[in-house]
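What the coordinates show
Spelled out, the chains give:
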Amino acid sequence: MFPAEFDYERAASVSEALALLDEHADADVEILAGGHSLVPAMKNRGREPDVVVDLDVPALDAVNALDDRTVVGALTTYATLVDSGAVRSTVPLVAEAASEVGDTQIRNRGTIGGNLAAAHPGADLPAAVLASDATILLRNRDGKREVGATDFFRGDGETAVERGELLTGVRVPHADDGGFAYARKTHPATGYAMVGVAAVVETGGGGGGDDGSEGVVSSARVAATGAVDRAVRLPSVEDSLVDEPLDAATIDAAASEATDDIDTGRLRSDAHASGEFRGELLETYVGRALETAADRAAGDTPTA
Ligand SMILES: Cc1cc2nc3c(=O)[nH]c(=O)nc-3n(C[C@H](O)[C@H](O)[C@H](O)COP(=O)(O)OP(=O)(O)OC[C@H]3O[C@@H](n4cnc5c(N)ncnc54)[C@H](O)[C@@H]3O)c2cc1C
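Residues numbered from 1 in each chain as written. Predicted model: local features only at pLDDT ≥ 70, side-chain atom pairs only at ≥ 80, totals over all residues. Heavy atoms only, no water.

An unreviewed UniProt entry annotates the chain as Xanthine dehydrogenase family protein subunit M of Halosimplex litoreum.

Quick look at the structure:
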């Protein structure tokens, strides 16, 4: 199907984009990033914007790795996230989640900003930014705003991005020593995650464990996508890991808490999987993500 008619505008800079959003403040405006959510939605008439603002802003296609954090521009593609040595070495969970998105064509065009703004309930990057404790960077004509990942996702397709705002990037803090992983059950037909789990587990001690703290979890962040209408952190899983050795018994106990923070009536149920099955997948994939994170913390598995 063809999209409904719309006006096309092209922005070559952030200020041009913000000016266009301001100029069309009363219209239904969509931003065109990689187009892999927007264009199909326009073609099936799920979206019929009056105006499409095409972001053609090289400054937003950038990775800036600093001492304790990495800032990823909104237009950075999944392919860049996967290939970038800076991303892989500083925020490898983001690279690993990006490597799971769709196929090569999708990864070459789709962007981190578009993925987060589209907020598909089964998207991969939201889980990674939640488990990374990242901050989403927003701008409008009046200035900048920052929103923590935990406050950003509001529902299926709903985020903290307000009218007239542009998502300009994501600030991802570097994790301390430990392990990370993104594990997902891929739907064989759609390629989307039925359930995906991102984990960052920081371990205390390290160097030899003379103080008995080697391998003991000092902090854990675990987030799930696909289970409910938005990506969510799993605080009960996280709490059950902290101050425990990162071993099989701890991981089993943590995985058994996977649905504790979720009202099971909210589990997504559709033609692909019942809510009950998604709940079971969630427990399994929490376990798998934590096992890989534990192997990496012990130095047994290569990083992304
Ligand atoms: C066949 C197929 C398979 C897919 N598989 C997966 C998968 O496995 N995992 C996964 O996570 N995703 C998957 N996707 C979705 C894909 O990752 C999209 O690229 C992504 O959801 C949107 O990113 P985009 O850059 O294409 O954004 P667009 O489609 O251009 O935009 C999406 C939405 O975000 C808004 N937007 C975009 N950029 C900004 C910005 N900077 N500021 C504010 N708003 C903005 C737009 O207005 C629009 O509403 C798949 C898509 C397809 C078509």
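1. Let's talk about the overall build of the chain
When helices and strands are tallied, the chain shows 12 helices and 14 strands. What you see for the chain is a C-alpha radius of gyration of 20 Å, in line with the 19 Å of a compact globule of 304 residues. Overall size of the chain, expressed as C-alpha extent along the three principal axes, is 65 × 45 × 30 Å. For the chain, buried positions account for 47% of its 304 residues. By sequence separation, contacts in the chain at least 24 residues apart represent 63% of the contacts at least 6 residues apart. Accessible surface computed for the chain: about 13800 Å², of which carbon and sulfur atoms make up 43%. Side chains of the chain give 25 positive and 53 negative charges; the mean places of these two sets differ by 6 Å. (Helix = DSSP H or I, 4+ residues; strand = E, 2+ residues; numbered from the N terminus. Rg over C-alpha atoms; globule rule 2.2 N^0.38 Å. Buried < 20%, exposed > 50% of the residue type's maximum accessible area, 1.4 Å probe, protein only. Contact = heavy atoms within 4.5 Å. Areas by Shrake-Rupley, 256 points an atom, 1.4 Å probe, with all protein chains shown as cover. Lys, Arg positive; Asp, Glu negative; His and termini not counted. Charge placed at Lys NZ, Arg CZ, Asp CG, Glu CD.)

2. Describing the pattern of salt bridges
Should their charged atoms come close, side chains of opposite charge can pair. Summed over the entire model, instances satisfying the criterion amount to 15 salt bridges. In this structure, the salt-bridge partner of Arg145 is Glu162, at a minimum N-O distance of 4.0 Å. Of the two residues, Arg145 sits in strand β7 (residues 143–148) while Glu162 sits in the loop between β9 (158–159) and β10 (166–173), which places them 17 residues apart along the sequence. Residue class for Glu162 comes out partly exposed when judged on its relative accessible area of 48%. One salt bridge connects Arg233 with Glu238, and the closest N-O pair in it is separated by 2.6 Å. Here the salt bridges share partners, and the residues they tie into one network are Glu100, Asp124 and Arg184. (Salt bridge = Lys/Arg side-chain N within 4 Å of Asp/Glu carboxyl O.)

3. Some points on the nonpolar core
Soluble globular proteins tend to bury their nonpolar side chains together. Counting residues in hydrophobic clusters, the biggest one holds 39 residues, and the most contacted among them are Leu81, Leu93, Ile112, Leu116, Leu125, Phe152 and Val170. The element that contributes the greatest number of residues to this core is helix α8 (residues 125–131), accounting for six residues. One finds Ala220, Ala224, Ala293 and Ala294 within the second-largest nonpolar core, a separate group that totals 33 residues. (Core = buried A, V, L, I, M, F, W, Y, C linked by side-chain atoms within 4.5 Å.)

4. Considerations on the site of the ligand
Near the ligand there are 29 residues, and of these Glu30, Ser37, Tyr78, Thr111 and Asp124 occur at the shortest range. Within the backbone of Gly102, one N or O atom sits 3.0 Å away from an oxygen atom of the ligand. Measuring from an oxygen atom of the ligand, one finds a side-chain N or O atom of Thr111 at 2.6 Å. Those elements giving two or more residues to the shell around the ligand turn out to be β2 (29–32), α7 (112–118) and β10. Per-element tally for the shell around the ligand: the top contributor is α7, with four residues. Of the residues that constitute the shell around the ligand, the class distribution is 15 nonpolar, 10 polar and four charged. (Near = heavy atom within 4 Å. Polar contact = N/O pair within 3.5 Å; in protein donor to acceptor, adjacent residues only side chain to side chain. Nonpolar A, V, L, I, M, F, W, Y, C, P; charged D, E, K, R; others polar.)

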